[in-house]
Amino acid sequence: MVAVGLRQIGTVDDRIRRQTKIPPPQPPVAAEGGMGSCHERLIDQSLTSRYTDWIVEALDEMPENFLITDPGISGHPIVFASRGFLAMSGYAREEVVGRNGRIFQGPATDRRSVMEIREAIREERTLQISLLNYRKDGTPHWILFHLCPVFGMEDGRVIHFVAVQVPIPRRSRCARSGARRMVYGACRNEVRLDEDHGCNLAVDSVIGLEAEETREASDREKEKALNAANSILSTLAHYSKLTGRVVCTKRCSSAGIAPLSSAVNISLGRIKQSFVLTDPHLPDMPIVYASDEFLSLTGYSRHEVLGCNCRFLKGPGTDVGVLRQIQDCIQAQQACSVRLLNYRKDGSSFWNRLHISPVRNSSGKIAFYVGVQIDENSKCDEHGLSPEMRQLGAVGQVKVAVRSFSSHAGPSRPSS
């Protein structure tokens, strides 16, 4: 219920114009074949590699309205949209997969609700909240938004978020008429229309929409969302066991490793540069984050590099003396820049201009090391920046991201 007496109502025409539905921004139409390949790459990168090739078919058979997102991929994109969700929203799957969930927001979406969702993602916790979203044709609709994280058992990292969406219908007619009578009185006082005829019906109708602006989910709808989420999580857990990369509904790391939080992953995903983040406090200094550009440069998938030492990039032509120089700098806790021959997954080599730097948390202790790679044969930067400037810029962005969330991300044990 909105307190209509707090602001000037204005004329009937002004009120109606302000309440006219404005369609939210639509996703751009990709070139034919481009969106399909992007769709397939995301599914392979995020879903089939962990849950087998059968997971998409299994999820497709589920009747619930839901999305699955991947915070480990740049932009925290949607990697799966159910048939029920697509029917409810009016979008095609190719228009949704690869996009961030903000495309469903519109002019009347409550910013506070959006912030609550972002906070739940940052804290990696479950959330239920009523939310006004928009369909593809621009019409608004109320949903109960149920968010829950999916954790990887091997390292406790959030692998996906499941977002179940249950429509919240209009309530009983008598409940709405009571609200309209209250608005009717406010309308009489403010617009000063003819006392014998009451409020102008157009104004009354418009303000009545405001009175129903917030819809609360019923206990039955909340239970429906919870049951749907449990069913989806059960399916994901079942198929993850077939690959040995098991997921669970609570943080369940068996290795005692403190993973990067989703907030740090999302922040790092905005950095458009090839780089990895390694944890010097864990045995063999494994990679704990790899950017999309690094995966593209080397040909490896994310699950093939996370938890591994960077030595998989070396080969028969790699200079051992340069590797020793890198080790000496790390032991001295200093930055260094080197040029060395590395190898991609397919065996092809490339000259890597590598810059390594320690990354400290807010208390000043080294939390990670960042390694920024540039292929010497790559195209020049479109902004005219030198390779050194590009690397230093990426290092600076990584340091800001880690320090901003140092209470959520950092070493698994204090550095000495």
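The notes below deal with the structure included here. Bear in mind that the values here come from a model prediction, so they are computed numbers and not experimental data. (Residues numbered from 1 in each chain as written. Predicted model: local features only at pLDDT ≥ 70, side-chain atom pairs only at ≥ 80, totals over all residues. Heavy atoms only, no water.)

## Some points on the overall build of the protein chain
Scanning the protein chain from terminus to terminus reveals 14 helices and 11 strands. Expressed as a percentage of its 416 residues, the buried residues of the protein chain come to 49%. Across the protein chain, the fraction of contacts at a sequence separation of at least 24, relative to all contacts at a separation of at least 6, is 59%. Approximately 20,900 Å² of the protein chain is accessible, and the part contributed by carbon and sulfur atoms is 52%. (Helix = DSSP H or I, 4+ residues; strand = E, 2+ residues; numbered from the N terminus. Buried < 20%, exposed > 50% of the residue type's maximum accessible area, 1.4 Å probe, protein only. Contact = heavy atoms within 4.5 Å. Areas by Shrake-Rupley, 256 points an atom, 1.4 Å probe, with all protein chains shown as cover.)

## A short note on the side chain of serine 49
Note on placement: serine 49 falls in helix H2 (residues 34-51). Looking at serine 49, its side chain comes within polar contact range of the main-chain oxygen of aspartate 44, at 3.4 Å. (Polar contact = N/O pair within 3.5 Å; in protein donor to acceptor, adjacent residues only side chain to side chain.)

## Regarding the pairing of strand S5 (residues 158-167)
Of all 10 residues in S5, nine are buried; the element is thus mostly enclosed. In this sheet, S5 lies alongside strand S1 (residues 66-69) in antiparallel orientation, the contact comprising four bridges. When the bridges of S5 are listed, leucine 67 appears paired with alanine 163. Examined bridge by bridge, strand S4 (residues 140-152) and S5 share nine bridges and lie antiparallel to one another. What sits directly across from isoleucine 143, in S5, is proline 167. In textbook terms, the turn of a hairpin is the stretch between consecutive antiparallel strands, and for S4 and S5 this stretch comprises five residues, one of which, glycine 156, has a positive phi near 75°. (Pairing = 2+ DSSP bridges.)

## Examining the pattern of salt bridges
A complete count under the given rule lists 13 salt bridges for this structure. For glutamate 123, the salt bridge goes to arginine 122, with nearest N and O atoms at 3.8 Å. The class for glutamate 123 is partly exposed, based on a relative accessible area of 36%. Between arginine 311 and aspartate 284 there is a salt bridge, with its nearest N and O atoms 2.8 Å apart. (Salt bridge = Lys/Arg side-chain N within 4 Å of Asp/Glu carboxyl O.)

## Examining the nonpolar core
The biggest cluster of nonpolar side chains holds 36 residues, and the ones touching the most others in it are Tyr51, Val162, Val164 and Leu236. Every element with two or more residues in this core is listed here: H2, helix H3 (55-60), S1, strand S2 (78-81), strand S3 (127-134), S4, S5 and helix H9 (219-243). If you tally residues by element for this core, the top one is H9, at eight residues. When near neighbours in sequence (up to four residues on either side) are disregarded, valine 164 contacts Asn65, Phe66, Leu144, Phe145, His146, Ala225, Ala228, Ala229 and Ile232. (Core = buried A, V, L, I, M, F, W, Y, C linked by side-chain atoms within 4.5 Å.)

## Side note on the side chain of glutamine 373
With respect to the element layout, glutamine 373 can be found in strand S11 (residues 366-375). The buried category is assigned to glutamine 373, whose relative accessible area is 5%. Side chain to side chain, glutamine 373 and serine 274 meet in a polar contact 2.9 Å long. Leaving out residues up to four positions away in the same chain, glutamine 373 has contacts with Gln273, Ser274, Phe275, Val276, Phe294, Leu297, Asn352, Arg353 and Leu354.

## Digging into helix H13 (residues 320-331)
Taking 1.5 Å of rise per residue, 12 residues should cover 16 Å, and H13 covers 17 Å from first to last C-alpha, within 8% of that figure. Taken together, the buried positions of H13 are Val322, Ile326 and Cys329. Taken down its axis, H13 places every buried residue within 65° of arc, on the same side. Those residues of H13 hidden inside the fold are in contact with strand S9 (336-343) and strand S10 (349-360). One side-chain oxygen of the residue at the start of H13 lies 2.8 Å from the amide nitrogen of glycine 321, identifying that residue as aspartate 319. Glutamine 333 sits one or two residues past H13 and shows a positive phi near 55°. (Expected span 1.5 Å × (residues − 1). Arc of directions from axis to C-beta.)

## A short note on the packing of aromatic side chains
In total, this model carries five aromatic pairs according to the counting rule given. Ring centres 5.1 Å apart and planes at 75° place the aromatic pair phenylalanine 85 and phenylalanine 104 in the edge-to-face group. Here phenylalanine 85, found in helix H4 (residues 83-89), pairs with phenylalanine 104, found in the loop between helix H5 (93-96) and helix H6 (111-123); they are 19 residues apart in sequence, far enough to count as distant. Take phenylalanine 85: its relative accessible area is 1%, and that puts it in the buried class. Taken together, a centroid distance of 5.6 Å and an interplanar angle of 25° make the contact between phenylalanine 275 and tyrosine 289 stacked. Placement of phenylalanine 275 in strand S7 (residues 275-278) and of tyrosine 289 in strand S8 (residues 287-290) is noted, with a sequence separation of 14 residues between them. (Phe/Tyr/Trp six-rings, centres within 6.5 Å; stacked < 30°, edge-to-face > 60°.)

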